[in-house]
Amino acid sequence: VFQQGDGNEVARITDGGKALPTYASLVQTAKGGFGFRKQVIGYTADSSSNVLQLTAAESGAVVLVDCNSYSGGIKLPAAATAAEAGMHFEFYLTAANSGTTTFYIETAGADGNDEITGYLHNPAQTSAGADITVDTSGDKLTFPVNTAVGTHVIIKCMVGGSAERWVAHSYVPTDITVTVGD
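Residues numbered from 1 in each chain as written. Predicted model: local features only at pLDDT ≥ 70, side-chain atom pairs only at ≥ 80, totals over all residues. Heavy atoms only, no water.

Student: Whenever I open this one, the sheet that holds strand β12 (residues 140–143) confuses me. Can you help?
Tutor: By way of backbone hydrogen bonds, the strands of a sheet pair with one another, either parallel or antiparallel. As summarised here, the arrangement of the five strands in space is β5-β7-β9-β12-β11, forming an open sheet in which the pairing is mixed. Strand pairing shows two members of the sheet lacking a second neighbour, β5 (51–53) and β11 (133–134), which therefore form its edges. Judged from the four bridges that link them, strand β9 (residues 103–106) and β12 form a sheet pairing that is antiparallel. Pairing of Ile 105 across the sheet is with Leu 141, part of β12. (Pairing = 2+ DSSP bridges. Helix = DSSP H or I, 4+ residues; strand = E, 2+ residues; numbered from the N terminus.)

Here it is as C-alpha cells:
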C-alpha cells in the first residue's frame, strides 16, 4: 500500500507504457521500476524546425541528442506552479554539431520571464563567438557549431511558477578521447 501524505510527488513508479513526446525515440526499453531507473530517450534533428517539447512527466530523463545533420532544439516544460520546482533533465550530445548546425535548450515561455542560469565549462571552445551562450533574456542555452560529442548538460528547475528559474551545468569535452582498458 502506497500512501501520499500531502500533494507533493516524492516517488514515481513507471510501468514502461508511457507515451513519448513528438520527435523523441525510445532508447532504453526496460524503463519500468521504482524510482531508480531513468527514462532514456533519443532526439535526432531530422529538420531544423522539429523541436522536442519535453513535459513534466519526462522529468529525470536522459536525452541523447544528435544534431549533426540539422540544427535542433529542445523546449523545457513549463513549471506552472511552485510545486514543479525540482524537475530535471540530462542531455548528452551523441554526435558533434557539424560545421553548420547548432543545438539549443529553451524554456517553455521564451519570453524573458523564465531564466536559465548557465555554469558552463568548455575548455575546447575559447575563440570569440564559439562558446555556449545564454541569450540576453535568459531563455535559451545555445551550443554553437562544432560543439563536441560527449557534451553533457544537466538542467534543474529551481523555482516554479510565473517566474521560473532553471540552472544548467554543462561540460564540453576537448577533442581528446580517453579510453579506459579493462
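Student: Would you explain the confidence of the model for the protein in this entry?
Tutor: Caution applies to low-pLDDT regions: their predicted coordinates should not be interpreted in detail. When pLDDT is averaged along the protein, the result is 78; 69% of the residues meet or exceed 70. Looking across the protein, the model is least confident in strand β3 (residues 33–34), with a mean pLDDT of 51, and most confident in strand β7 (residues 72–75), with 94. (pLDDT = per-residue confidence, 0-100.)

Student: In this structure, what is going on with the environment of Pro 21? I would like to understand it.
Tutor: When you line up the elements, Pro 21 lands in the loop between β1 (13–14) and β2 (25–26). Linking Pro 21 and Thr 55, residues 34 residues apart in sequence, is a C-alpha distance of 7.8 Å. Not counting residues within four places of it along the chain, the set of residues in contact with Pro 21 comprises Leu 52, Gln 53 and Glu 58. (Contact = heavy atoms within 4.5 Å.)

Student: Just to check I follow, could you spell out the pairing of strand β4 (residues 40–44) for this structure?
Tutor: Both faces of the sheet carry side chains from a regular strand, because those side chains alternate between them. With respect to burial, β4 is a largely interior element, four of its five residues being buried. Two strands pair when backbone bridges link them, and β4 and strand β6 (residues 62–66) are joined in this way by five bridges, in the parallel orientation. Considered in β6, the bridge of Tyr 43 is made with Val 65. (Buried < 20%, exposed > 50% of the residue type's maximum accessible area, 1.4 Å probe, protein only.)

Student: How do you make sense of the pattern of salt bridges when you look at a structure like this?
Tutor: Two side chains carrying opposite charge are able to pair once their charged atoms lie near each other. Enumeration according to the criterion identifies three salt bridges in this entry. A salt bridge links Lys 75 to Glu 106; its shortest N-O distance comes to 3.7 Å. Of this pair, Lys 75 sits in strand β7 while Glu 106 is found in strand β9, placing the two residues 31 residues apart along the sequence. The partner of Glu 106 in a salt bridge is Lys 140, with the nearest N and O atoms 3.9 Å apart. You can see Glu 106 sitting in strand β9 and its partner Lys 140 sitting in strand β12, a full 34 residues away along the chain. On the basis of relative accessible area, Glu 106 is assigned to the buried category, the value being 10%. Within the structure, one salt-bridge network assembled from shared partners comprises Lys 75, Glu 106 and Lys 140. (Salt bridge = Lys/Arg side-chain N within 4 Å of Asp/Glu carboxyl O.)

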